[in-house]
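# Observations on the three-dimensional arrangement
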Amino acid sequence: MNNMPFDLVPGDRSRDTRSARLHGGVDQAVHAAIQAGYRIGKRVRIGRVAGHVVGYNIGVYGRYSGASYPLLVKTAFGVAKCSLREVAAA
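No experiment lies behind these values; they were computed from the predicted model shown.

With that settled, consider the confidence of the model for the protein. When pLDDT is averaged along the protein, the result is 84, and 73% of the positions lie at 70 or above. Taken element by element, the protein is modelled with least confidence in helix 1 (residues 17–35), mean pLDDT 75, and with most confidence in strand 1 (residues 43–46), mean pLDDT 97.

The subject of this paragraph is the packing of aromatic side chains. Per the counting criterion, the structure on display carries one aromatic pair. With a centroid separation of 5.3 Å and 65° between ring planes, the pair formed by Y64 and Y69 is classed as edge-to-face.

Before going further, it helps to spend a moment on the nonpolar core. Nonpolar side chains in soluble globular proteins tend to end up buried together. In terms of nonpolar packing, the biggest core is built from 13 residues, with Y38, V44, V53, L71, V73 and V87 touching the most fellow members. When residues of this core are traced back to their parent elements, those giving at least two are helix 1, strand 2 (49–56) and strand 3 (71–75). The dominant element in this core, judged by the number of residues it contributes, is helix 1, at four residues. Setting aside anything within four residues of it in sequence, one finds V87 in contact with Y38, V44, R45, I46, L71, V73 and C82.

This paragraph deals with the pairing of strand 2. In terms of strand pairing, strand 1 meets strand 2 through four bridges, oriented antiparallel. Directly across from I46, in strand 2, lies its bridge partner V49. The turn joining strand 1 and strand 2, which pair antiparallel and follow one another in sequence, is formed by two residues; a positive phi near 65° is taken by G47.

Quick look at the pairing of strand 1 now. Within a regular strand, the side chains alternate between the two sheet faces. In terms of strand pairing, strand 1 meets strand 5 (residues 87–89) through three bridges, oriented antiparallel. Opposite I46, over in strand 5, you have V87 as the bridge partner.

Conventions we followed
Residues numbered from 1 in each chain as written. Predicted model: local features only at pLDDT ≥ 70, side-chain atom pairs only at ≥ 80, totals over all residues. Heavy atoms only, no water. pLDDT = per-residue confidence, 0-100. Helix = DSSP H or I, 4+ residues; strand = E, 2+ residues; numbered from the N terminus. Phe/Tyr/Trp six-rings, centres within 6.5 Å; stacked < 30°, edge-to-face > 60°. Core = buried A, V, L, I, M, F, W, Y, C linked by side-chain atoms within 4.5 Å. Buried < 20%, exposed > 50% of the residue type's maximum accessible area, 1.4 Å probe, protein only. Contact = heavy atoms within 4.5 Å. Pairing = 2+ DSSP bridges.

Structure follows, in structure tokens:
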């Protein structure tokens, strides 16, 4: 697999300090996932369901933000946003 550098470019809806703090959380969560070995293409399991990492959730707003659910995992049931606690290497 080709390794490419990953750059997270923060963007926000406004210029308040709250949004800057949230972007930092997403950045840290995505980099923690990468450091834990969950790179794109990595085979994982969500419980008993097999899948593989297809990307990273950089969403800042909403219930399933990237700060809490940094992984995008494709399974037979579709793509799911996952936390590091929910997945295991397959």
